[in-house]
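Descriptive structure summary
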Amino acid sequence: YLESLVLTRSCDPNLSLSENRIKALAEFFGRACKAGPWVPEPTRNAELKKKYPSLCAACRSSCSENDRYWGDGGALACLSEGAGDVMWSELNDVKAYFKV
């Protein structure tokens, strides 16, 4: 939801809705760790990760569900370990990560 509020909408008619969103993310954030699946279809997911590598550039390993920076605490780990400069998370995840 937050991504849809901060990104400039990309409406390239030659790209799918998903790719337009991913392209906008890559242009806005540059080097990031958007680990996990971007689209449901594995072959297309791999193609998009190859086309927009900056969104995996800050990941620890594979930019998949197995990456240290994936999941509820992943963005917080990325930020606290200095791999990223900005992140967003739910308050409950922040409290759990910092044991508050």
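The shown structure was predicted, so the numbers you read here are calculated from the model rather than taken from an experiment.

Quick look at the nonpolar core now. Residues W38, Y52 and L55 are the most contacted members of the largest nonpolar core, which totals 22 residues. Among the elements of the structure, α2 (17-29) and α4 (74-80) are those that each provide at least two residues to this core. Per-element accounting of this core gives the leading share, 4 residues, to α2. Apart from the residues within four sequence positions on either side, Y52 is in contact with L15, E19, I22, K23, A26 and W38.

This next bit is on the packing of aromatic side chains. This model, assessed by the stated rule, comprises 2 aromatic pairs. Centroid distance F28 to F29: 4.8 Å. Interplanar angle 80 degrees. Geometry classified as edge-to-face. Ring geometry for Y97 versus F98: centroids 5.0 Å apart, planes at 85 degrees, classification edge-to-face.

Scanning the entire structure with this criterion turns up 5 salt bridges. Here R44 ties to E19 by a salt bridge, and the two come within 2.5 Å at their closest N and O atoms. Taken as a pair, R44 in helix α3 (residues 42-51) and E19 in helix α2 lie far apart in primary sequence, 25 residues in all. Look at R44 and you get partly exposed, because its relative accessible area is 28%. The class of E19 is buried, set by a relative accessible area of 3%. A cluster of three or more residues bridged by salt bridges with shared partners is formed by E19, R44, E47 and K51.

Let's shift gears to the state of the cysteines. On inspection of all chains with the given rule, the structure shows 2 disulfides. Disulfide pairing is shown between C33 and C59; the S-S distance is 2.2 Å. Judged by the sign of its S-S torsion, about 100 degrees, the cystine formed by C33 and C59 is right-handed. Taken together, the residues span a long stretch of sequence, with C33 in the loop between α2 and α3 and C59 in the loop between α3 and α4 at a distance of 26 residues. When its relative accessible area of 12% is taken as the criterion, C59 is described as buried. Disulfide pairing places C56 opposite C63 at an S-S distance of 2.0 Å. The S-S bond linking C56 to C63 shows a torsion near -65 degrees; that makes this disulfide left-handed. By sequence-ordered numbering of the bonded cysteines, the chain has its disulfides arranged as 1-3, 2-4. Of the cysteine sulfurs around C78, a residue in no disulfide, the closest is that of C33, at 5.6 Å. Using a relative accessible area of 10% as the deciding quantity, one classes C78 as buried.

Conventions adopted
Residues numbered from 1 in each chain as written. Predicted model: local features only at pLDDT ≥ 70, side-chain atom pairs only at ≥ 80, totals over all residues. Heavy atoms only, no water. Core = buried A, V, L, I, M, F, W, Y, C linked by side-chain atoms within 4.5 Å. Buried < 20%, exposed > 50% of the residue type's maximum accessible area, 1.4 Å probe, protein only. Helix = DSSP H or I, 4+ residues; strand = E, 2+ residues; numbered from the N terminus. Contact = heavy atoms within 4.5 Å. Phe/Tyr/Trp six-rings, centres within 6.5 Å; stacked < 30°, edge-to-face > 60°. Salt bridge = Lys/Arg side-chain N within 4 Å of Asp/Glu carboxyl O. Disulfide = S-S within 2.5 Å.

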